[in-house]
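Inside the fold
Read off the chains here:
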There are 2 protein chains.
Amino acid sequence: MSTNEFPPFAVTVDLLVATVRDNALSVLLITRGVEPFLGAPALPGGFVHINESAEQAAHRELLEETGLAHFAGHLEQLGTYSTPDRDPRMRVVSVAYVALAPHLPDPQAGTDAAQAMWCRADDLPALAFDHDQVVADGLERIRAKLEYTTLAVTFVSEQFTIRDLQTVYEVVWGITLDRANFRRKVLGTPGFVVAVDGITVPTGPRGKPAQVYRRGPATVLRPPILRPI
Amino acid sequence: MSTNEFPPFAVTVDLLVATVRDNALSVLLITRGVEPFLGAPALPGGFVHINESAEQAAHRELLEETGLAHFAGHLEQLGTYSTPDRDPRMRVVSVAYVALAPHLPDPQAGTDAAQAMWCRADDLPALAFDHDQVVADGLERIRAKLEYTTLAVTFVSEQFTIRDLQTVYEVVWGITLDRANFRRKVLGTPGFVVAVDGITVPTGPRGKPAQVYRRGPATVLRPPILRPI
DNA sequence: ACAAAAGTGTTTTCCATACACCCATGT
DNA sequence: ACATGGGTGTATGGAAAACACTTTTGT
């Protein structure tokens, strides 16, 4: 094949930004302002520039959409979607990314992210392009990764309690877990979490204050915390 | 952003074709016949055509490189590699795929695949482009997926023994496993393998003939077969 | 005192490991 | 007979599930 003739493609990134808020797994959606799918909900994203990698484009778009100066969460590639007719305008290949973050401030009107909104993962509208598939793949990726990585800590703020972490698992998986056993699994994994001195936080109107933790250096969970069948 | 102006990219697929042969995990390499990296070993691959998906391109290239009419193994997307300088000629985004297959016939001279060769995964030369990274990522994907999926069956022929399956695990992971316990794990997972009537095969010059199995309908392993630490 | 939530203990069940043993076959 | 490799049994240690219990706080 000649190196001087190749089919030209547009390359975009799509972002599945997920967080836990109001006891629900939520994703960030935008309302499309241009054709095609004008007015329809979709995942945020944009074109990859000629001098940046897809990962850099994803990070750039992430800052633009959230309106933040820095992104403290987790960003990983999900997969590439390339069916020839996925965009009616032209031939587009899209690299999808999953971003996990603690509860972010709501999108502010007047910024680039004004059209952005959080939407519960269990109550999503139909999305533009093949974004329904991207979301389905991404949510399954998140649910699976909680089993064998320490990724749940990216959903809570810098300081958190064991209960906060358990809530992440329960909300993402849509189940309830035994408090005592969950606690033992987390504390039994070296480097998952580390206690912050003797600091505790009140736990509502009543109840014993809870020990505060930060994330530890571990990234994988051996053995994994498996979802019930 | 205007829909009429976007940076044009070339999109390619790279193939990590893996098999188990001679008690070693091996990958298919080609020798590059054009610049850049002329004469260097590399992963097979090629441009995505304008009217096909990346997955279709990967499947097409797979048949071309192996010289087979059909591909019976497993093909899955690994990830997309898009650093701006990964190809000195132009801006190329490459979607990498992992293909798992039982022991394929050696590439035949005189075909498109004449330049292809099998190379042990533990003794690979330096590769063109960022293919070293692709191989590293792909091998780790394969090793991890043997833990919680039934993917090992794609490395053996249609009919196989439990011992054949164990050899796949041992070769891919580079360890030895207890025969009795491995057997119980496999047979204890419903749908992993199904016995073929009362058919057995001799096991060399001596020894009891072994029961023959085919792959079953299961795709996930619950609980997983974890690698030793 | 009581309610609420953190934190600990205990029992039971199950699974993984290690290793011994039996079975069927060809030389 | 015996070596070889498939197939089975079993004792033991440890983890996981279920659930009772204790501790610490605010009202």
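Residues numbered from 1 in each chain as written. Chains lettered and ligands numbered in written order. Predicted model: local features only at pLDDT ≥ 70, side-chain atom pairs only at ≥ 80, totals over all residues. Heavy atoms only, no water.

1. Side note on the relation of the copies chain B and chain A
- Relative to chain A, chain B is turned by 180° and slid 0.0 Å along the rotation axis, the superposed coordinates differing by an RMSD of 0.1 Å. Taken together, the turn and the small shift mark the pair as related by a two-fold rotation axis.
- Taken together, the interface assignments show that 100% of the residues at the interface of chain B recur at the interface of chain A, consistent with an identical surface on both copies. (Least-squares fit on C-alpha atoms with pLDDT ≥ 70 in both. Contact = heavy atoms within 4.5 Å.)

2. Quick word on the interface of chain B and chain A
- Tallying the contact residues gives 35 residues for chain B and 35 residues for chain A.
- It is Phe9(B), Ile50(B) and Arg222(B) that lose the most area in chain B upon contact with chain A, and together they represent 20% of the buried surface on that side.
- Across the contact surface, chain B and chain A share two salt bridges.
- Inspection of the chain B/chain A interface yields 16 residue pairs in polar contact (both at pLDDT 80 or more).
- Elements with a contribution of two residues or more to the side of chain B that touches chain A: β1 (10–21), α1 (54–66), β5 (74–81), β6 (92–100) and α2 (131–148) of chain B.
- Per element, the largest residue contribution to the side of chain B that touches chain A is three residues, and it comes from β5(B).
- The residue inventory of the side of chain B that touches chain A, partitioned by class, reads 18 nonpolar, nine polar and eight charged. (Buried area = accessible area lost by both parts, 1.4 Å probe. Salt bridge = Lys/Arg side-chain N within 4 Å of Asp/Glu carboxyl O. Polar contact = N/O pair within 3.5 Å; in protein donor to acceptor, adjacent residues only side chain to side chain. Helix = DSSP H or I, 4+ residues; strand = E, 2+ residues; numbered from the N terminus. Nonpolar A, V, L, I, M, F, W, Y, C, P; charged D, E, K, R; others polar.)

3. A word on the packing of helix α2 (residues 131–148) of chain A against helix α3 (residues 162–173) of chain A
All names here are of chain A.
- The geometry of α2 relative to α3 is characterised by a closest axis approach of 10 Å and an angle of 140° between their N-to-C directions. Seen along the crossing, α2 lies across α3 with a hand that is left-handed. Along the contact surface, α2 presents Ile 142, Arg 143, Leu 146 and Glu 147, while α3 presents Val 168, Tyr 169, Val 172 and Trp 173.
- Per-class residue counts for the contact of α2 with α3 are six nonpolar, no polar and two charged. (Axes fitted to C-alpha atoms, helices over the stretch in contact; angles between N-to-C directions. Left-handed = near helix turned anticlockwise from the far one by under 90°.)

4. Observations concerning the protein's contact with DNA strand D
- Taken together, 23 residues lie near DNA strand D, and Lys185(A), Arg179(B), Gly207(B), Lys208(B) and Gln211(B) sit nearest.
- Taking Gln211(B), its main chain carries an N or O atom lying 2.8 Å from a phosphate oxygen of DNA strand D.
- Listing elements by their share of the surface near DNA strand D, those giving two or more residues are α4 (179–187) of chain A together with α4 (179–187) and β9 (210–215) of chain B.
- Considered class by class, the residues forming the surface near DNA strand D number seven nonpolar, five polar and eleven charged. (Near = heavy atom within 4 Å.)

5. A look at the side chain of Arg86(A)
Residue and element names in this part refer to chain A.
- Structurally, Arg 86 is set in the loop between β5 (74–81) and β6 (92–100).
- When its relative accessible area of 8% is taken as the criterion, Arg 86 is described as buried.
- A polar atom in the side chain of Arg 86 sits 3.5 Å from the side chain of Asp 14.
- Here Arg 86 is in contact with Asp 14, Tyr 81, Val 92, Ser 94, Phe 129, Asp 130 and His 131, once residues within four sequence places are set aside. (Buried < 20%, exposed > 50% of the residue type's maximum accessible area, 1.4 Å probe, protein only.)

6. Let's talk about the protein's contact with DNA strand C
- Around DNA strand C sit 23 residues in total, of which Arg179(A), Arg183(A), Gln211(A), Asn181(B) and Pro209(B) are the nearest.
- Among all atoms of DNA strand C positioned within 4 Å of the protein, those belonging to sugar or phosphate total 55%.
- Between Lys208(A) and DNA strand C, the recorded distance is 3.4 Å, taken from a backbone N or O atom to a sugar or linking oxygen.
- The contact in question runs from a base oxygen of DNA strand C to an N or O atom on the backbone of Gly207(B), over 3.4 Å.
- Of the residues in the surface near DNA strand C, the class split is seven nonpolar, five polar and eleven charged.

7. A few points about the side chain of Ser82(B)
- Assignment of secondary structure puts Ser82(B) in the loop between β5 and β6.
- There is a polar contact of 2.9 Å between the side chain of Ser82(B) and the backbone nitrogen of Ala54(A).
- Leaving out residues up to four positions away in the same chain, Ser82(B) has contacts with Glu52(A), Ser53(A), Ala54(A), Glu55(A), Arg91(B) and Val93(B).

8. So, the packing of aromatic side chains
All names here are of chain B.
- For the coordinates displayed, the defined rule picks out nine aromatic pairs over all chains.
- Arranged with centres 4.9 Å apart and planes meeting at 65°, the rings of Phe 37 and Phe 129 form a pair that is edge-to-face. Of this pair, Phe 37 sits in the loop between β2 (24–31) and β3 (41–42) while Phe 129 sits in the loop between β7 (116–120) and α2, and the two are 92 residues apart along the sequence.
- A relative accessible area of 35% places Phe 37 in the partly exposed class.
- Here Phe 129 falls in the buried class, since its relative accessible area comes to 18%.
- Judged by centre distance (5.3 Å) and plane angle (65°), the rings of Tyr 169 and Phe 182 are edge-to-face. Separated by 13 residues along the polypeptide, Tyr 169 in helix α3 (residues 162–173) and Phe 182 in helix α4 bring together distant segments of the chain. For the pair Tyr 169 and Phe 182, a shared accessibility class is recorded, and that class is buried. (Phe/Tyr/Trp six-rings, centres within 6.5 Å; stacked < 30°, edge-to-face > 60°.)

Geometric descriptors of this kind do not, in isolation, establish any biological role.
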